[in-house]
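In case you want the letters, here they are:
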Amino acid sequence: MLWAALSLSLGYNATLVTLGASLLGAAAGMAGTFLYLRKNALISDAISHATLPGLGFAFLVAFGFGIDGRQLLILLSGSALSAALGLYFVNWLTRETRLTQDTAIGCVLSVFFAFGVVLLTIIQVIPAGRKAGLESFLLGSTAGMLYSDALLILILSIITALVLFVFLRPIKLVVFDQGYSETLGISVRRVDFIILMVTLAVTVLGMKIVGLILIVALLIIPAVSARFWSERTNIILVTATLFGALSGYIGSAISAVSPGLPTGPIIVLCCFGLFLFSFLFAPKRGVLAVALDHYRFQKAVHLTQGLLSMAAAQPIYEPKTQRLLRRLGYIRADGVATETGKSLAAKTLLNEKRWSYWQEILKESDQLDGQAVFNLMDIETKLTPDQIKSIDQGLALKQGERM
Amino acid sequence: MGSEFVALGLTPVLISAFAGMACALPGNFLVLRKQALIGDAISHVVLPGIVVAYLLTGQVSTWPMMLGAAGAAVISVVLIEMIRRLGRIEYGAAMGVIFTTMFAAGVLLLEQSDTSRVHLDVEHALFGNLETLIWLQSDGWGSLLDPLSLAQLPPQFFRMVIAFFVISAFTYIFWRPLVLISFDEAYARTIGTQATVVGFLLVVLAAMAAVAAFDAVGSIIVIAMILCPPATARLLTNDIKTQVFLSLILALGATLIGYVVAGYLPLWLGYSNTLSAAGMIATVSGLLLASSAIYGRHRKRVI
């Protein structure tokens, strides 16, 4: 069953929904990356909660005009309008008053959502409203989705992705270096506006599939997960897009074969699975990689210090250093240095002397940044033979002066 | 308006008033410390906590659920902090990852388990069930002096009152460090304030208010009450003491106005159904914020 859903052979509607969800996830991953890199991730929370009153209002207005308010396009338009209004209020509060942005976001999201709930209680009184199933927009539901709805979401998602693609270059520039992009004549305000509008579109389109409470996850989690894998904007962007699409794809497939479950939470948990994997296993920034790095560094420090003490014929007391030296065969069980140990100790001492001389030169010419830990590295792999030769000459000269 | 109000209206009003004030009190400091969205996060993660507590005990009773909710709140705070530090992710994004995931897990658990017998669903968690908190044993205003019928008040009432007084006591006792860490944490540290401890206690207190208020009034009102009254008060005064008192008054006012509008406005207009009281209370608090953002004396940033 799940395989059938994953291979898109579970009927026309399910296929459309799965495609729509994947595309939506991709668009959300992309838009979310820009939000995240602009340090604005949680604004999506305000946008998504602010859709609710528009949803209710659109239904009521349509009902007043005698149109069937369940028309998806009408509902989505209403939601988009009220989300835009909410966004405007967040910006207005942040700009015009001394409240900080997070306060503005929290106030707008709670008040808008609350007003939406009030509207929902009105709608429930209307006989047509009880059947409207507006609650399904809270947590997303693809069960019983109409063909036209799925198609609408698919088309709008494609358009959103296209818009993002067209403006990719200026957006990337602003995200990467705001000052530089300003000198190129790119309006940062306009780019931020585009990012927010695309976010809004993703949110509104995601309401039916993921639900308005959890669409935030699709905007934040893929971007955060992708950040673990690279330092380059391009790679982060592609990874986030992929993660978003994958979550939408797997999540909607799972929910297609388990109709009782709301779609949104399943998609969110798929997102989180990808996050957890990135958090733990990503190279360099992942938790395991960081721990391993730390372990290696510790080992290198212990080893260098131990070998230096051996070269200076000082006793070693630190048990960890002793264990390390013994395991590598540099000292015998009774603490006496072996031949390999002796030669390596001499080499380490030379390395250390060369580095400290180099550091002095750097300090004199004001080039030392005080950050790098030189003496853990093999100088012969870091500097050219000419440089090392001049260092050795300098060292010999110093030696001569002392004698 | 006599005995009928005491039976049907009095307890919801009192409960939401205490809930609003209990939330607004820690909210004052959260707003100043730029931790405004922590209330949002907590009110989302309370759901899985309650669901797990229900699954473990098999019944909807107060204390296991409170414990479950509080446990989930603490776990989420720890997880957010862990992800932020280990993954080197900024606070807002780490919060976004955790609260959405935990909420999603809560919803799925809820849908998977058989909760049809009991009053436990997602909408209840969001909107609360203020309207059901009635005091049927009452018999007019006189019941307020009758210990027997007082004991029959909904348990949410006592819980909320206790929570409010605990939070007030904490605020009173820790007033100085709270003010210090809210305005200048670095300075607070240099003069020996345990900023980390007090900051954590503040979050725990906010969580306590959210958890206690949650099943009575729902999570929307919690977020709205943590933020809107303090934000409104912040635009009206420069003095922190005045701000805190104002926020309490505003929370109370929003509750009373919101409740009356939701419960009685439709009746006066000739409709028979009432509106969501929790939603209306939060909406009124938002309107109060909007008016203070337009007219407030101290609304502008001081440069």
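Residues numbered from 1 in each chain as written. Chains lettered and ligands numbered in written order. Predicted model: local features only at pLDDT ≥ 70, side-chain atom pairs only at ≥ 80, totals over all residues. Heavy atoms only, no water.

**Student:** Got a minute to help me understand helix α7 (residues 155-173) of chain B in this structure?
**Tutor:** Because each turn of an α-helix spans 3.6 residues, side chains separated by three or four positions in sequence point in the same direction. Spanning 19 residues, α7 of chain B covers 27 Å between terminal C-alpha atoms, matching the ideal 27 Å at 1.5 Å per step. Those residues of α7 of chain B that sit buried are Gln156, Phe157, Arg159, Met160, Val161, Ala163, Phe164, Ile167, Phe170 and Thr171 of chain B. (Helix = DSSP H or I, 4+ residues; strand = E, 2+ residues; numbered from the N terminus. Expected span 1.5 Å × (residues − 1). Buried < 20%, exposed > 50% of the residue type's maximum accessible area, 1.4 Å probe, protein only.)

**Student:** It is not clear to me how the domain arrangement of chain A should be interpreted in this structure. Could you clarify?
**Tutor:** Frequently, the measure chosen for interface size is the accessible area removed from exposure when the parts meet. By domain assignment, chain A separates into domain 1 (2-282) and domain 2 (288-398). Once you take the C-alpha centre of each, domain 1 of chain A and domain 2 of chain A turn out to be 54 Å apart. (Domains from an automatic or database assignment.)

**Student:** What is the right way to read the nonpolar core from this model?
**Tutor:** Judged by nonpolar contacts, the single largest core of 200 residues is most densely connected at Phe113, Leu138 and Phe275 of chain A together with Met160 of chain B. Among the elements that make up this core, the one with the highest residue count is helix α1 (residues 3-32) of chain B (16 residues). In this structure, Phe113 of chain A is in contact with His49, Leu52, Val108, Leu138, Leu212 and Ile213 of chain A together with Leu126, Phe127 and Ile220 of chain B, ignoring residues within four places of it in sequence. Ile379, Leu383, Ile388 and Leu395 of chain A belong to the second-largest nonpolar core, a separate cluster that totals 9 residues. (Core = buried A, V, L, I, M, F, W, Y, C linked by side-chain atoms within 4.5 Å. Contact = heavy atoms within 4.5 Å.)

**Student:** It is not clear to me how helix α18 (residues 339-364) of chain A should be interpreted in this structure. Could you clarify?
**Tutor:** All names here are of chain A. Over its 26 residues, α18 runs 38 Å from end to end, which matches the ideal 38 Å to within 8%, given 1.5 Å per residue. All buried positions along α18 are accounted for by Gly341, Ala345, Thr348, Asn351, Arg354, Trp355, Tyr357, Trp358 and Leu362. Phi for Asp366, located one or two positions after α18, is positive at around 65°.

**Student:** Whenever I open this one, the environment of Leu376 of chain A confuses me. Can you help?
**Tutor:** Secondary-structure assignment places Leu376 of chain A in the loop between α18 and α19 (379-382). Sequence-wise, Leu376 of chain A and Leu19 of chain A are 357 residues apart; in three dimensions their C-alpha atoms are separated by 52 Å.

**Student:** Is there a simple way to explain the interface of chain B and chain A in this structure?
**Tutor:** Facing 60 residues of chain B, the contacting portion of chain A comprises 56 residues. Between chain B and chain A, roughly 4,800 Å² of surface is buried when both sides are summed, and carbon and sulfur atoms account for 74% of that area. Contact with chain A buries surface across chain B, with Leu37, Leu108 and Arg301 of chain B losing the most and accounting together for 12% of the total. Scanning the region where chain B abuts chain A turns up 1 salt bridge. For Lys300 of chain B, the salt bridge goes to Glu96 of chain A, with nearest N and O atoms at 3.0 Å. Taken together, the links from chain B to chain A amount to 9 residue pairs in polar contact (both at pLDDT 80 or more). Looking at the side of chain B that touches chain A, the elements with two or more residues in it are α2 (38-57), α3 (62-86), α4 (91-112), α5 (122-127), α11 (219-234) and α13 (277-295) of chain B. (Buried area = accessible area lost by both parts, 1.4 Å probe. Salt bridge = Lys/Arg side-chain N within 4 Å of Asp/Glu carboxyl O. Polar contact = N/O pair within 3.5 Å; in protein donor to acceptor, adjacent residues only side chain to side chain.)

**Student:** Could you clarify how one ought to interpret the packing of helix α4 (residues 51-64) of chain A against helix α6 (residues 101-125) of chain A in this entry?
**Tutor:** The packing of two helices is summarised by the inter-axis angle and the distance between the axes. All names here are of chain A. At a minimum axis distance of 7 Å, the contact between α4 and α6 shows a crossing angle of 30°. If you check the angle between α4 and α6, you find them roughly parallel. In the packing of α4 onto α6, the handedness of the crossing is left-handed. Seen from α4, the contacting residues are Leu52, Pro53, Gly56, Phe57, Phe59 and Leu60; seen from α6, they are Phe112, Phe113, Phe115, Gly116, Val117, Leu119, Leu120, Ile122 and Ile123. (Axes fitted to C-alpha atoms, helices over the stretch in contact; angles between N-to-C directions. Parallel < 35°, antiparallel > 145°, perpendicular 65-115°, else oblique. Left-handed = near helix turned anticlockwise from the far one by under 90°.)

**Student:** I tried to follow the pattern of salt bridges on my own but got confused; where do I start?
**Tutor:** Between side chains of opposite charge, a pair can form as their charged atoms come close. One pass over the structure, following the stated rule, counts 14 salt bridges over all chains. For Glu339 of chain A, the salt bridge identified is with Lys342 of chain A, shortest N-O distance 3.7 Å. Taken together, the residues Glu339 of chain A and Lys342 of chain A, both in helix α18 and 3 residues apart, mark about one turn of the helix. Note on Glu339 of chain A: relative accessible area 61%, which makes it exposed. Residue classification places Lys342 of chain A among the partly exposed residues on the basis of a relative accessible area of 47%. Here Glu185 of chain B ties to Arg189 of chain B by a salt bridge, and the two come within 2.7 Å at their closest N and O atoms. A residue pair is termed a helical-turn pair when its members lie 3 or 4 positions apart in one helix, as Glu185 of chain B and Arg189 of chain B do in helix α9 (residues 185-190) at 4 residues. For Glu185 of chain B, a relative accessible area of 28% translates into the label partly exposed.

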